[in-house]
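Below are the chains, spelled out letter by letter.
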Amino acid sequence: MTAPLTVLLVEDDLPMQLGCQQALQLAGLRVEAVEAVEAALPRLRQGFEGVVVTDMRLPGADGLALVRRCHELDADLPVIMITGHGDVTLAVEAMRSGAYDFIPKPFSPEVLVEVVRRALEKRALTLEVQSLRQALARKEGGVAKLVGRSPQMAAVRQLVTRVAGSAVDVLVKGETGTGKELVAQALHELSGRQKAPLVALNCGGLPDTIIDSELFGHEAGAFTGAAKRRIGKIEHAHGGTLFLDEVESMPLNVQVKLLRVLQDRVVERLGSNERISVDCRVVAATKDDLLARAKQNAFRSDLYYRLNVVTIELPPLRERREDIPLLLEHFLLLAASRYGLPQPAVSPTQLRALMAHDWPGNVRELRNVADCLVLGVHSEVLGAAAADQAPAPQNLSLAETVEDFERSLIREAMGRHGGNVARTAQALRVPKTTLNDKIRKYGLNDGQGVGVGTAGE
């Protein structure tokens, strides 16, 4: 979702309403304030993109009635109750009726902001999962396939959307299993070429003697065994997209011919002098540093610069761990649909183990884990990762489990870097301002050996 989530504040005490609204707005949150349940209900619907904060005592219908109505409307909608000293019994009843949390008066602005932020993060994850389920039901393509809430994946989706409609060739870089082919599919489906073929060729999966014919085609009798004409991948991709995976494995003599195709947009079949015009976009993918290979004469530098007009870099999964819960949900949905089996529940201990794993196989490895979970078979990843983990706190929600792991990860990194925020932010690959926010959020500047603004930043 691109729009920020909304905090719907229901409070009839105007000074209290103003104080809460200002505290939330100063924290960078979007707030709408009303004075009664009757004014709040028209703003609520299933899939409401936000959370509700309501006082218990209100004119007309009370906060407990609002909790029950919200639960009927959307059982996953977080409602936070503000209660007075004598409302403990009602607060317990509210929690039983589906309230997310309650805040007893008096409370500090920091407490309000912390509880609301947790609720917003839970709501964002819930809405993302719902969106994934709807996309799966509609079999949507495009950037819907590029799953993730991390800033890195948001940037990838933005770049794909920006360049998809142009004819420019694209180089996709990333480790094995990061989803390079999904980027090619998204570029194709969002372009004006989506009705023509998306033709894929793994350059590393073919012998050198075959890749020439696969790419450019051949005429009958062009070589021993060429009994009839064959249309090559480039010609077959006319009007569409040609995806060249592991382009770093392409033989140098074939690279020369590919460069000519990219420059002139013509192809010659083996054994023919006929020049055939082709109109296809080329998306090349690599797991290597092509410039470094070019300097070692292992890849043609002129082809590298011809391909490197627009480069899309995919981060490894270990650098965007916050995407693991959402990706896992996505793959569980796909696997359950593919195998005709129910989607299994994932325990906090299992999720914590997955969050801590290094993921050398990246997203592809996580997909394999999801398949194992749906099929009910042993997963080496879950077994090996869980064995190294301390027991996870029980009865935590998905969002709370992610928070618990993130808190531990930041505390450990800060300890390794002597409390230096700048070096820790660099090691965790997050902006320093983001790290400072998380340190405050998790209370890690309370004498545990870390702090905001540590000397040496």
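What you see is a predicted model, and the numbers here were worked out from it, not measured in a lab. Note on numbering: residues in each chain are counted from 1, in written sequence order. In view of the model being predicted, local features appear only for residues whose pLDDT reaches at least 70, and side-chain atom pairs are presented and counted only at 80 or more, with totals across whole chains, interfaces and linings using the full set of residues. Each side-chain value is worked out from all heavy atoms of the structure, with water and hydrogens disregarded.

(A) How the structure looks around the overall build of the chain. Helix and strand content of the chain: 19 helices and twelve strands. Looking at the 457 residues of the chain, the share that counts as buried comes to 46%. In the chain, of all internal contacts separated by at least 6 residues, the share reaching a separation of at least 24 is 71%. Surface exposure here means Shrake-Rupley accessible area, sampled with a 1.4 Å probe, where a residue is shielded only by the protein chains that are shown. When the accessible surface of the chain is totalled, it reaches about 21,700 Å², and 51% of it is carbon and sulfur. Comment: elements are numbered from the N terminus, with helices defined as DSSP H or I runs of at least four residues and strands as E runs of at least two. Remark: exposure states derive from per-residue accessible area (1.4 Å probe, protein chains only) relative to the maximum for the residue type, with buried under 20%, exposed over 50%, and partly exposed in between. Contacts between residues were defined by any pair of non-hydrogen atoms, one from each residue, lying within 4.5 Å.

(B) Fine view of a nonpolar patch on the surface. Together, Y339, L341, L375 and V377 make up an exposed nonpolar region whose accessible area comes to about 330 Å². By the element assignment, V377 lies in the loop between α15 (362-375) and α16 (380-387). Within this analysis, patches are made of residues with over 30% relative accessible area and no salt bridge. Like charges are joined at 9 Å or less; nonpolar side chains (Val, Leu, Ile, Met, Phe, Trp, Tyr) at 5 Å or less. Salt bridge, as used here, is a side-chain nitrogen of Lys or Arg placed within 4 Å of a carboxyl oxygen of Asp or Glu.

(C) Representation of the nonpolar core in the model. Membership of the largest hydrophobic core comes to 29 residues, with the highest contact counts inside it found for L215, I234, L242, L244, M250 and L307. Those elements that place two or more of their residues in this core are β7 (198-202), α8 (208-216), β8 (241-245), α10 (252-264), β11 (281-286) and α12 (301-307). Top element by residues in this core is α10. It accounts for five residues. Ignoring anything within four residues of it in the chain, the contact list for I234 reads L215, F216, L242, L258, V261, V278 and C280. Think of a nonpolar core as a cluster: buried Ala, Val, Leu, Ile, Met, Phe, Trp, Tyr and Cys residues, connected wherever their side-chain atoms sit within 4.5 Å. Core analysis: the next-biggest nonpolar cluster, separate from the first, contains 28 residues, L317, L328, L333 and W359 among them.

(D) Region of the structure containing the sheet that holds β7. In this analysis, strands are considered paired if DSSP registers two or more bridges between them. Read across the open sheet, the five strands follow the order β7-β8-β11-β6-β12; overall the sheet is parallel. Edge positions in the sheet fall to β7 and β12 (310-313), since each has one partner strand and no second. Here the strands of the sheet are splayed against their neighbours by 20° on average, with no regard to which way each runs. As judged from the four bridges shared by strand β6 (residues 170-173) and β12, these two strands associate in the parallel manner. Interaxial angles span 0 to 180 degrees and are taken between N-to-C directions of axes, which are lines fitted to C-alpha atoms, for helices over the stretch in contact.

(E) Local environment of the packing of helix α18 (residues 421-428) against helix α19 (residues 432-441). At their nearest, the axes of α18 and α19 sit 9 Å apart, and the two run at 105° to each other. Put simply, α18 runs roughly perpendicular to α19. Facing α18, whose interface residues are V421, A422, T424, A425 and L428, α19 presents K432, L435, N436 and I439. Each residue receives one of three labels: charged for Asp, Glu, Lys and Arg, nonpolar for Ala, Val, Leu, Ile, Met, Phe, Trp, Tyr, Cys and Pro, and polar for the others, Gly being one of them. Residue composition of the contact of α18 with α19, grouped by class: six nonpolar, two polar and one charged. The cut-offs work like this: below 35 degrees is roughly parallel, past 145 is roughly antiparallel, 65 to 115 is roughly perpendicular, and the gaps in between are oblique.

(F) Structural context of the packing of aromatic side chains. Centre distance within 6.5 Å is the pairing criterion for rings of Phe, Tyr and Trp, where only the six-membered ring of Trp is used; planes under 30 degrees apart are then read as stacked, over 60 as edge-to-face, and the remainder as tilted. Evaluated as defined, the whole model comprises one aromatic pair. Both rings, one in Y304 and one in Y305, keep their centres 5.0 Å apart while their planes meet at 65°; by these two values the pair is edge-to-face. Either the NZ atom of lysine or the CZ atom of arginine qualifies as a charge over a ring when it sits within 6 Å of the ring centre and within 35 degrees of the ring normal. Above the plane of the ring of Y339 lies R338, whose end atom (NZ or CZ) is 4.9 Å from the centre.

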